[in-house]
Amino acid sequence: MRTLRMLVLGTLTHAKQISRSPFEVTIALVVPIVQATLAVYLFRAGAEQHRLLEAAVGAGLMGVWSSVLFGSGGAIQNQRWQGTLEMIMLAPRRPVLVILPITVATGLTGTYALLATLVWGRVLYGIELDFVHPAAFVVAAVVCVVALGMFGLLLASTFVLMRNANALTNTLEYPIWLVSGMLVPITVLPAWTGPIAAALPTTWGARALREATTGGPVWPSVAICLGISVICLVAGSFALTHVERRARAAATLALA
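Anyway, here's the lowdown on the structure attached to this text. (Residues numbered from 1 in each chain as written. Predicted model: local features only at pLDDT ≥ 70, side-chain atom pairs only at ≥ 80, totals over all residues. Heavy atoms only, no water.)

Tallying secondary structure elements over the chain gives ten helices and zero strands in all. Starting at the N terminus and walking to the C terminus, you meet the elements of the chain as α-α-α-α-α-α-α-α-α-α. For 256 residues, the compact-globule estimate of 2.2 N^0.38 gives 18 Å, and the chain sits close to it at 18 Å. Scored against the burial criterion, the 256 residues of the chain give a buried share of 49%. (Helix = DSSP H or I, 4+ residues; strand = E, 2+ residues; numbered from the N terminus. Rg over C-alpha atoms; globule rule 2.2 N^0.38 Å. Buried < 20%, exposed > 50% of the residue type's maximum accessible area, 1.4 Å probe, protein only.)

This is the structure we're talking about:
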């Protein structure tokens, strides 16, 4: 119960901290709207009016991924700049329990992107929010946010080790959402991207949301997404402990 309480309070604290950042708020407000607009016009130009709702969902998921990726990297970097990263890593808890609330908080704040794109598409473009499996869509959205938080935890280990996490976040944003099939079908991508896509929780989360939207077997994708999330949690825990010890040995933890 103490661990659960710490995770909940830590998540709420970091979510409040993110909401106080003008940069984070501006990105959260503007980027989803821009992505939703581009997605709608892209699908309209391709004469695929029947897939506008799918485009809105994909654009929203892109916003959640961007929030987790930049939020996780930015949070670690901010802790370093504020001189609190050492205290966080020296807390009498395993590093994974201290960093996990940061990544989950970014996922929670990123849910606004999904909601904003759906509302924007409905109000401005008249997209009917006609989900084939509405209840499954809500469950898949929650699982997807959790999965992105776990994936963010795995990435956070490199953010602790690197002096400039933005160098990695800027590189990973577009390739991940492209390979995951958030907006572009995986079938149109080169065959060598298939194994990469299958190993990413973002792929199965996007598939679950798409199947809940248009119809299909939602629960197998949800189960696989959860399974990969657990793997990311375990791998992130070991990786975070390793890089934390390495950063201490090299005396680079506080270097910005």
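A complete count under the given rule lists three aromatic pairs for this structure. Ring geometry for Trp 65 against Phe 151: centres 5.6 Å apart, planes inclined by 20 degrees, an arrangement best described as stacked. Here Trp 65, found in helix H3 (residues 52–81), pairs with Phe 151, found in helix H6 (residues 134–161); they are 86 residues apart in sequence, far enough to count as distant. The same class applies to Trp 65 and to Phe 151, which are both buried. (Phe/Tyr/Trp six-rings, centres within 6.5 Å; stacked < 30°, edge-to-face > 60°.)

Taken together, the side chains of Val 25, Leu 29, Val 30, Val 34, Leu 38 and Tyr 112 define a hydrophobic patch exposed on the protein surface, amounting to about 500 Å² of accessible area. Looking at which element gives the most residues to the nonpolar patch, the answer is helix H2 (residues 22–45), with five residues. Residue classification places Val 30 among the partly exposed positions, given a relative accessible area of 44%. (Patch = residues over 30% accessible without salt bridge, like charges linked within 9 Å, V, L, I, M, F, W, Y side chains within 5 Å. Areas by Shrake-Rupley, 256 points an atom, 1.4 Å probe, with all protein chains shown as cover. Salt bridge = Lys/Arg side-chain N within 4 Å of Asp/Glu carboxyl O.)

In the structure shown here, the tally under the stated rule is two salt bridges. Between Arg 210 and Glu 54 there is a salt bridge, with the nearest N and O atoms lying 3.9 Å from each other. You can see Arg 210 sitting in helix H9 (residues 201–214) and its partner Glu 54 sitting in helix H3, a full 156 residues away along the chain. Given the relative accessible area of 17%, Glu 54 is considered buried. For the salt bridge of Glu 128 with Arg 122, the shortest nitrogen-to-oxygen distance reads 3.9 Å. Given a relative accessible area of 52%, Glu 128 falls into the exposed group. When its relative accessible area of 36% is taken as the criterion, Arg 122 is described as partly exposed.

With that out of the way, let us pick up the environment of Arg 51. Tracing the backbone through its elements, the reader meets Arg 51 in the loop between H2 and H3. Not counting residues within four places of it along the chain, the set of residues in contact with Arg 51 comprises Phe 43 and Pro 185. (Contact = heavy atoms within 4.5 Å.)

What follows concerns helix H5 (residues 95–125). The end-to-end C-alpha distance of H5, which contains 31 residues, comes to 45 Å, matching closely the 45 Å that a straight helix rising 1.5 Å per residue would cover. The positive-phi residue at the C-terminal boundary of H5 is Gly 126, with phi of around 70 degrees. (Expected span 1.5 Å × (residues − 1).)

Honestly, that's just the spatial picture; any functional story needs more than this.
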